[in-house]
Amino acid sequence: MRALFTVLFAVPVALAADPVSADEPSNPAFLGVGMSDMGPNGPCVIGEVTPDSGAEMAGMLREDTVLGLDDNAITNCDSLVKGIQAREAGQPVKIKVQRNGAVRILESNLPSRGDVLRKRFVGKQLPLATLTRVDGGAEVSPRGKTTIIGWFDQGACMSCGTAFSNITDWAKAKGKNAISVIGVTSARQALPEAMKELKEAQRRLDVPLMYADPETFKEMSINDAKRIHFMVIDCRGIVEYATPLKPDADDRTAVLEELFAATEQAARRMK
């Protein structure tokens, strides 16, 4: 796999806002499906399966209808979400689905989002991608320095700017001039149409905001309007650490402390 990403000058992202709850942790059990109810009261049908997720490990497929989770009936997507939220990461589950008229029982150990990100990226070179800088500033590259990249939905995550500020304040206080921090987002609309919104989002951030096309963003992150998915990349372009952060979660401080420790460890390797 080729390493690093290239950065162009220019510029975008906006997805529908999703309600958040402060008591939901940053890194809970994660099934990893896109889903929708076929009617006002269900049933819940799978539309997309996240790579390396518990759903993929279980063998779930698009158009599966979810009937049950362990011993509990699943009548709609809301009941599936609540059922997964009640589980712990690593907990085994049985998922009853209907596929092509036949009922199947699928089994999986639920990973967390962090597990999915680490399996996908940690210990590997960051895949080559072309990103566009919103403010038109100088090129930003992880080559030669330690870089924290946060992949996030700027149109929905209203608290994300504060988390980026916390990280840049930490880096400045530590005197870590060799550490850079970058935010990356995407957009559903065409780039020219998204420019105005993205520039407004850049004004709310004190880190460079980059645009990734939707396919790149999907490959590098997890579709989640509530969370920033952080990577720590060392000077060689190797992903050393990855973690999700829900900016308004109670575990915010603990997640940031782990991120800082991983960044300092990666930075020491270049001395």
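Above this text you will find the structure in question.
Residues numbered from 1 in each chain as written. Predicted model: local features only at pLDDT ≥ 70, side-chain atom pairs only at ≥ 80, totals over all residues. Heavy atoms only, no water.

Novice: Looking at this model, I keep getting lost on the overall build of the protein chain. Mind explaining?
Specialist: Counting its secondary structure elements, the protein chain contains seven helices and 13 strands. By the burial criterion, 51% of the 271 residues in the protein chain qualify as buried. Entry remark: accessible area of the protein chain is about 12,800 Å², with carbon and sulfur atoms responsible for 50%. (Helix = DSSP H or I, 4+ residues; strand = E, 2+ residues; numbered from the N terminus. Buried < 20%, exposed > 50% of the residue type's maximum accessible area, 1.4 Å probe, protein only. Areas by Shrake-Rupley, 256 points an atom, 1.4 Å probe, with all protein chains shown as cover.)

Novice: Just to check I follow, could you spell out the state of the cysteines for this structure?
Specialist: Here, disulfide denotes a covalent bond that connects the sulfur atoms of two cysteines. A complete count under the given rule lists two disulfides for this structure. One disulfide bridge connects C44 with C77, the sulfur atoms lying 2.3 Å from each other. In this structure the cystine formed by C44 and C77 twists about its S-S bond by roughly 95 degrees; its chirality is therefore right-handed. Highlighted residues: C44 in strand β3 (residues 44-49) and C77 in helix α2 (residues 77-85), separated in sequence by 33 residues. Assigned by exposure class, C44 and C77 land together as buried. When the bonded cysteines of the protein chain are counted from the start of the sequence, the pairing works out to 1-2, 3-4. (Disulfide = S-S within 2.5 Å.)

Novice: Got a minute to help me understand the packing of aromatic side chains in this structure?
Specialist: Each aromatic ring pair is summarised here by two numbers: the centre-to-centre distance and the angle between the ring planes. As enumerated under the stated definition, the model contains four aromatic pairs in all. A ring pair is formed by F164 and F230, whose centres lie 5.7 Å apart and whose planes are at 70 degrees; its orientation type is edge-to-face. In this pair, F164 sits in helix α4 (residues 160-174) while F230 sits in strand β12 (residues 228-233), placing the two residues 66 residues apart along the sequence. Of the two residues examined, F164 and F230, each falls in the buried class. Seen from their ring centres, W170 and F260 are 4.4 Å apart, and the 5 degrees between their planes marks the pair as stacked. Separated by 90 residues along the polypeptide, W170 in helix α4 and F260 in helix α7 (residues 252-268) bring together distant segments of the chain. On the basis of relative accessible area, W170 is assigned to the buried category, the value being 11%. (Phe/Tyr/Trp six-rings, centres within 6.5 Å; stacked < 30°, edge-to-face > 60°.)

Novice: Sorry, what's going on with α2 here?
Specialist: Because the α-helix completes a turn every 3.6 residues, residues three or four places apart line up on one side. Of the residues making up α2, those classed as buried are C77, S79, L80, G83 and I84. Down the axis of α2, the sector holding all buried residues measures 160 degrees, keeping them to one side. Contacts made by the buried residues of α2 are with β2 (33-37), β3 and β4 (65-69). The opening residue of α2, the one whose side-chain oxygen lies 3.3 Å from the backbone nitrogen of D78, is N76. (Arc of directions from axis to C-beta. Contact = heavy atoms within 4.5 Å. Polar contact = N/O pair within 3.5 Å; in protein donor to acceptor, adjacent residues only side chain to side chain.)

Novice: Just checking my understanding: could you explain the environment of G144 for this structure?
Specialist: Take G144: it is sitting in the loop between β8 (130-133) and β9 (146-151). In this structure the C-alpha to C-alpha distance between G144 and G237, which are 93 residues apart in sequence, comes to 8.1 Å.

Novice: It is not clear to me how α4 should be interpreted in this structure. Could you clarify?
Specialist: A rise of 1.5 Å per residue sets the reference length of α4, with its 15 residues, at 21 Å; its end C-alpha atoms lie 22 Å apart and thus fit the reference within 8%. Within α4, burial applies to C160, G161, A163, F164, I167, T168, W170 and A171. Each element contacted by the buried residues of α4 is listed here: β9, β10 (179-185), β12, β13 (239-245) and α7. (Expected span 1.5 Å × (residues − 1).)

Coordinates in, geometry out; function isn't part of it.
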